[in-house]
Amino acid sequence: MTTTLLAGGGTAGHVNPLLAVADGLRARASDDDVLVLGTREGLEARLVPLRGYELLFVDKVPFPRRPDRAAAAFPSRFRRAVAQVRRIIRERGVDVVVGFGGYASAPAYVAARWERVPFVVHEANAKPGLANVLGARAAAGVGVAFEGTPLRGARVVGMPLRREIVELDRDALRPEAAAHFGLDAATPTLLVFGGSLGAQRLNEAFGGAWRDVLGAGWQVLHVTGEKSDLPDPGVAGYAVVRYVDRMDLAFALADFIVSRSGAATVSEISALGIPAVYVPYAVGNGEQSLNAGSAVRAGAARLIPDAEFTADRVRSEIVPLLADADGRAAMRAAADRTGTRAGTENVIELVDAALSR
């Protein structure tokens, strides 16, 4: 029996690939022990137990960004966190550690190294976090979701995806999806969404340009976000919804997508072979633009900067794309070459290789 400790969390971008790998490990060998390491403050504190996995806690110790009192206390607090993970490794007989970034991963990497337990790093973003940059230097295996991610010894393995995406049969599900959203299964569909909170820039642009999309012979499924006050004109062919809890149905209906470019979003869209225009979220360290880069370079997607995304830009760039069947077919073919649904299996291969070393 093998005991695997999966470390990561904080945000959905870290928790979801972790849970996909956990499910893959459990499906492959139900007798193996799969443990999860996280913090009490992160999203994992809610999602991991709901999925049926044992969650073990480590103190949240942020890396200091400036010379202040927290920076002075960091060495002792980090040593304590490492000691917590070392105790877990010894007491639970952990054979291998897999880290996905976030606050739990850094002490897990150090503890694994001190306990002489192999560890594997997976980085979801094209711009890696500090924990994974440090961990990759001594890891037994490093997997990244996107080509060009600057991590030592990295291999492109793709993103471990939700099972409903991996197993999605878009053609078979399209009639149900159309009925679910009150749209026509025979009409090409543009899906617009900005993540769970929506995107004001996308909402404003399509709030002013949806008539042009309908005029091009398409229908629109527009997911605005729960806090949006964008009015619903109640027009046939333009479905305005605040939140979607069945993204598999939205993807099944989509023939083209306009969205933000979070790592999971880009990975899922590419894996499903759907052409897209990405409008990266402009706040942060630029990782959303980088996440879209491999799909854009491959010809599977285009990128429009957030500040330039307006109703006029929809009319001048996106509506002509919707009318260009050959261009969209080329983008679909490029997406098929770029994306993968085997991210979970690829990460598990890295784990197996680490165990055999």
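The structure under discussion appears in the preceding block.
Residues numbered from 1 in each chain as written. Predicted model: local features only at pLDDT ≥ 70, side-chain atom pairs only at ≥ 80, totals over all residues. Heavy atoms only, no water.

Chemist: When you look at the overall build of the chain in this model, what are you seeing that I'm missing?
Modeler: Across its full length, the chain holds 14 helices and 13 strands. Against the compact-globule benchmark of 21 Å for 357 residues, the chain has a radius of gyration of 21 Å, which places it among compact chains. Each principal axis of the C-alpha atoms in the chain carries an extent, and together these give about 65 × 45 × 35 Å. In the chain, which comprises 357 residues, the proportion classed as buried is 52%. If you take every contact in the chain between residues at least 6 apart in sequence, the share linking residues at least 24 apart comes to 62%. (Helix = DSSP H or I, 4+ residues; strand = E, 2+ residues; numbered from the N terminus. Rg over C-alpha atoms; globule rule 2.2 N^0.38 Å. Buried < 20%, exposed > 50% of the residue type's maximum accessible area, 1.4 Å probe, protein only. Contact = heavy atoms within 4.5 Å.)

Chemist: Even after reading the chapter, I still don't get the sheet that holds strand β5 (residues 119-123), so can you show me in this structure?
Modeler: Note on sheets: strands pair through backbone hydrogen bonds, and any given pair is parallel or antiparallel. Spatial strand order, β3-β2-β1-β4-β5-β6-β7: seven strands in an open sheet with parallel pairing. Taken across any chain shown, the strands that pair with only one partner, and hence form the sheet edges, are β3 (54-57) and β7 (154-156). For this sheet the average axis-to-axis angle between neighbouring strands, irrespective of direction, equals 25 degrees. Here strand β2 (residues 33-38) runs beside β3; their pairing, made up of four bridges, is parallel. Considered in β3, the bridge of leucine 37 is made with leucine 56. (Pairing = 2+ DSSP bridges. Axes fitted to C-alpha atoms, helices over the stretch in contact; angles between N-to-C directions.)

Chemist: Even after reading the chapter, I still don't get the pattern of salt bridges, so can you show me in this structure?
Modeler: Two side chains that carry opposite charge are able to pair once their charged atoms sit near each other. In total, this model carries 20 salt bridges according to the counting rule given. Ionic contacts of the salt-bridge type, sharing partners, join the residues Asp23, Arg26 and Arg51 into one network. (Salt bridge = Lys/Arg side-chain N within 4 Å of Asp/Glu carboxyl O.)

Chemist: Please explain the pairing of β5 as it appears in this structure.
Modeler: Within β5, five of the five residues are buried, which leaves the element mostly enclosed by the surrounding structure. What you see with β5 is no split at all: Phe119, Val121 and Glu123 on one side and Val120 and His122 on the other are buried throughout. In this structure, strand β4 (residues 96-99) lies alongside β5, joined through three bridges in parallel fashion. In the sheet register, valine 97 faces β5, and the bridge partner there is phenylalanine 119. The handedness of the β4 to β5 crossover, carried by helix α4 (residues 105-114), is right-handed. (Right-handed = clockwise from strand over helix to strand, strands pointing away.)

Chemist: I keep staring at the sheet that holds strand β9 (residues 219-223) and nothing clicks. Help me out?
Modeler: Across the sheet, which stays open at both edges, the six strands sit in the order β10-β9-β8-β11-β12-β13 with parallel pairing between neighbours. At either end of the open sheet lies a strand with only one pairing partner, and these are β10 (238-241) and β13 (301-303). Recorded for the sheet is a direction-independent mean angle of 15 degrees between the axes of neighbouring strands. Two elements, strand β11 (residues 256-259) and strand β12 (residues 276-278), share three bridges in a ladder whose sense is parallel. Counted as the bridge partner of valine 258 is valine 277 from β12. In this fold helix α11 (residues 287-298) packs onto β12 and β13, with an angle of close to 140 degrees to the strand it touches most, β13.

Chemist: Even after reading the chapter, I still don't get the packing of α11 against helix α13 (residues 325-338), so can you show me in this structure?
Modeler: A pair of packed helices is characterised by two quantities: the angle between their axes and the separation of those axes. Contact geometry for α11 and α13: axes closest at 9 Å, N-to-C directions at 125 degrees. Looking at the two axes, α11 sits oblique to α13. Crossing geometry of α11 relative to α13 is assigned as right-handed. Counted together, Ser294, Ala295 and Ala298 of α11 and Ala334, Arg337 and Thr338 of α13 form the full contact between these two elements. Grouping the amino acids of the contact of α11 with α13 by side-chain chemistry returns three nonpolar, two polar and one charged. (Parallel < 35°, antiparallel > 145°, perpendicular 65-115°, else oblique. Left-handed = near helix turned anticlockwise from the far one by under 90°. Nonpolar A, V, L, I, M, F, W, Y, C, P; charged D, E, K, R; others polar.)

Chemist: What am I meant to see in the nonpolar core here?
Modeler: Most often, soluble globular proteins have nonpolar side chains that are buried together. Of all hydrophobic cores here, the largest spans 42 residues; its most connected members are Phe181, Leu191, Phe193, Phe251, Ile257, Ile269 and Tyr278. Residues in contact with isoleucine 269, not counting those within four places in the same chain, are Phe193, Phe251, Ile257, Ser259, Ile274, Ala276 and Tyr278. Counting 31 residues, the second-largest nonpolar core is a separate cluster that includes Ala7, Leu37, Ala131 and Leu151. (Core = buried A, V, L, I, M, F, W, Y, C linked by side-chain atoms within 4.5 Å.)

Chemist: How should the environment of alanine 112 be read in this particular structure?
Modeler: Along the chain, the position of alanine 112 falls in helix α4. Residue alanine 112 is classed as buried on the basis of its relative accessible area, which comes to 0%. The sequence separation of alanine 112 and methionine 247 amounts to 135 residues, and the corresponding C-alpha distance is 37 Å. Once residues within four sequence positions are removed from consideration, alanine 112 is found in contact with Ile89, Val97, Val117 and Phe119.

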